[in-house]
Amino acid sequence: NAGVMQNPRHLVRRRGQEARLRCSPMKGHSHVYWYRQLPEEGLKFMVYLQKENIIDESGMPKERFSAEFPKEGPSILRIQQVVRGDSAAYFCASSPGQGPIEQYFGPGTRLTVT
Amino acid sequence: GENVEQHPSTLSVQEGDSAVIKCTYSDSASNYFPWYKQELGKGPQLIIDIRSNVGEKKDQRIAVTLNKTAKHFSLHITETQPEDSAVYFCAASEGNNRLAFGKGNQVVVIP
């Protein structure tokens, strides 16, 4: 049973470019969460999605960031016009249901903006 | 929102000794408290969790205790081994869907 998969593992973008981060949840999981981790910091919640629905995006910046989880395919976190401050590790987690419940994390995508 | 704090930031222990990491949280409505282990370059790995209706939970060398009144919970690792060296994060549920994380503890097990 494959775990949460994320790609790419490393992504380098120049300022102003777009970054697309992909996440495939564990088999049987339909709930996806995105978190951001800055160096030597804990993880900060960004967004929670179910298939075709954004349930909670209160942790996501209002501009340049968007997320989706289509009926088919992986969840995508999209960052437009990246700036140096977007450099971080972005982790996706999935869970089998709703509510305070186990969240299983992927290996992360390390985004570097030059 | 929920505020989770971890102490100490770094912990060094001799192999075979016990390690204890403490976390405090602010929101009395939080009812789920997981612990994650993160090794360098990897994602957080869920190692144990506890719910607010339980005071203690144990899994082999790892245990977690929860004091709801004082709003703190602790991770206990006994008979530490070099492979226990990692960053450990505590978290508390926030609302129905989110986890609020502490900043992490670096645990170093000295052979």
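Predicted model, so just to flag it, every value in this text is computed and none were measured. (Residues numbered from 1 in each chain as written. Chains lettered and ligands numbered in written order. Predicted model: local features only at pLDDT ≥ 70, side-chain atom pairs only at ≥ 80, totals over all residues. Heavy atoms only, no water.)

### Side note on the state of the cysteines
Rules: Throughout, a disulfide means two cysteine sulfur atoms within 2.5 Å of one another. Starting at the N terminus, helices and strands are each numbered in turn, a helix being any DSSP run of H or I of at least four residues and a strand any DSSP run of E of at least two. Three labels apply to residues, based on accessible area from a 1.4 Å probe with only protein chains included: buried if under 20% of the type maximum, exposed if over 50%, partly exposed otherwise in between.
For the structure shown, the criterion picks out two disulfides over all chains. Shown here is the disulfide that connects C23(A) with C92(A), its sulfur atoms set 1.7 Å apart. Classification of the bridge connecting C23(A) and C92(A) rests on its S-S torsion, roughly -45°, and on that basis the disulfide is left-handed. Of this pair, C23(A) sits in strand β3 (residues 19–24) while C92(A) sits in strand β9 (residues 88–95); the two residues are 69 residues apart in sequence, bridging distant segments of the chain. Pair check on accessibility: C23(A) and C92(A) agree, each one buried. The side chain of C23(B) participates in a disulfide bridge whose partner is C90(B); the two sulfur atoms lie 1.9 Å from each other. Every disulfide takes its handedness from the sign of the S-S torsion; for C23(B) and C90(B) that torsion is -95°, giving left-handed. Here C90(B) lies in strand β9 (residues 86–94) and C23(B) lies in strand β3 (residues 19–25), a separation of 67 residues in the sequence. With relative accessibility at 1%, the residue C23(B) sits in the buried group. On the basis of relative accessibility, which here comes to 0%, the residue C90(B) falls in the buried class.

### Quick notes on the confidence of the model for chain B
Rules: Scored between 0 and 100, pLDDT is the confidence that the predictor attaches to each residue.
For chain B, per-residue confidence averages 94 on the pLDDT scale, and 100% of positions sit at 70 or higher. When pLDDT is averaged over each element of chain B, strand β7 (residues 62–67) of chain B comes out on top at 97 and strand β1 (residues 4–7) of chain B at the bottom at 89.

### Some words on the nonpolar core
For the record, the criterion: Joining through side-chain atoms within 4.5 Å is the link that ties buried Ala, Val, Leu, Ile, Met, Phe, Trp, Tyr and Cys residues into a set, and such a set is a nonpolar core. Here, residues are in contact when the closest pair of their heavy atoms is within 4.5 Å.
Core analysis: the largest hydrophobic core is formed by 24 residues, its most contacted members being I21(B), Y25(B), F33(B), W35(B), F73(B), L75(B) and Y88(B). Breaking this core down by element, the ones donating at least two residues are β2 (10–14), β3, β4 (32–38), β5 (45–51), β7, β8 (72–77), β9 and β11 (105–110) of chain B. Those residues in contact with F33(B) that sit more than four places away from it in its chain are Y25(B), I48(B), D49(B), I50(B), S52(B), L66(B), F73(B), A91(B) and A92(B). By size, the runner-up hydrophobic cluster in this structure holds 23 residues, among which are M46(A), F69(A), Y90(A) and V113(A).

### Structural notes on the sheet that holds strand β7 (residues 65–68) of chain A
Residues and elements named next belong to chain A. Convention followed: Strands are labelled as partners when DSSP assigns at least two bridges between them. Orientation is described by axes fitted as lines to C-alpha atoms, over the contacting stretch for helices, and by angles from 0 to 180 degrees between their N-to-C directions.
Read from one edge of the open sheet, four strands run β1-β3-β8-β7, paired in antiparallel fashion. On the outer flanks of this sheet lie β1 (5–7) and β7, each paired with one strand and no other. Within this sheet the neighbouring strands show an average axis-to-axis angle of 15°, counted without direction. Where β7 meets strand β8 (residues 75–79), four bridges bridge the pair, whose relative direction is antiparallel.

### Topic: the interface of chain B and chain A
Short version of the rule: Accessible area that two parts lose when put together, evaluated with a 1.4 Å probe and summed over both, is termed the buried area. For this analysis, a salt bridge means a side-chain nitrogen from Lys or Arg found within 4 Å of a carboxyl oxygen belonging to Asp or Glu. In protein, a polar contact requires one atom able to donate a hydrogen and another able to accept it; more generally it is a pair of N or O atoms within 3.5 Å, and residues adjacent in sequence count only if both atoms are side-chain atoms. Amino acids are sorted into nonpolar (Ala, Val, Leu, Ile, Met, Phe, Trp, Tyr, Cys and Pro), charged (Asp, Glu, Lys and Arg) and polar (every other residue, Gly among them).
Listed by partner, the interface residues are 21 residues for chain B and 25 residues for chain A. The largest share of the area that chain B buries against chain A comes from N97(B), R98(B) and F101(B), three residues that together contribute 32% of it. On the surface where chain B and chain A come into contact, there are two salt bridges. For the salt bridge of E41(A) with K103(B), the shortest nitrogen-to-oxygen distance reads 3.9 Å. On inspection of chain B and its partner chain A, the count reaches eight residue pairs in polar contact (both at pLDDT 80 or more). For the side of chain B that touches chain A, the elements supplying multiple residues, two or more each, are β4, β5, β9 and β10 (98–101) of chain B. Looking at the side of chain B that touches chain A residue by residue, the classes come out as seven nonpolar, nine polar and five charged.

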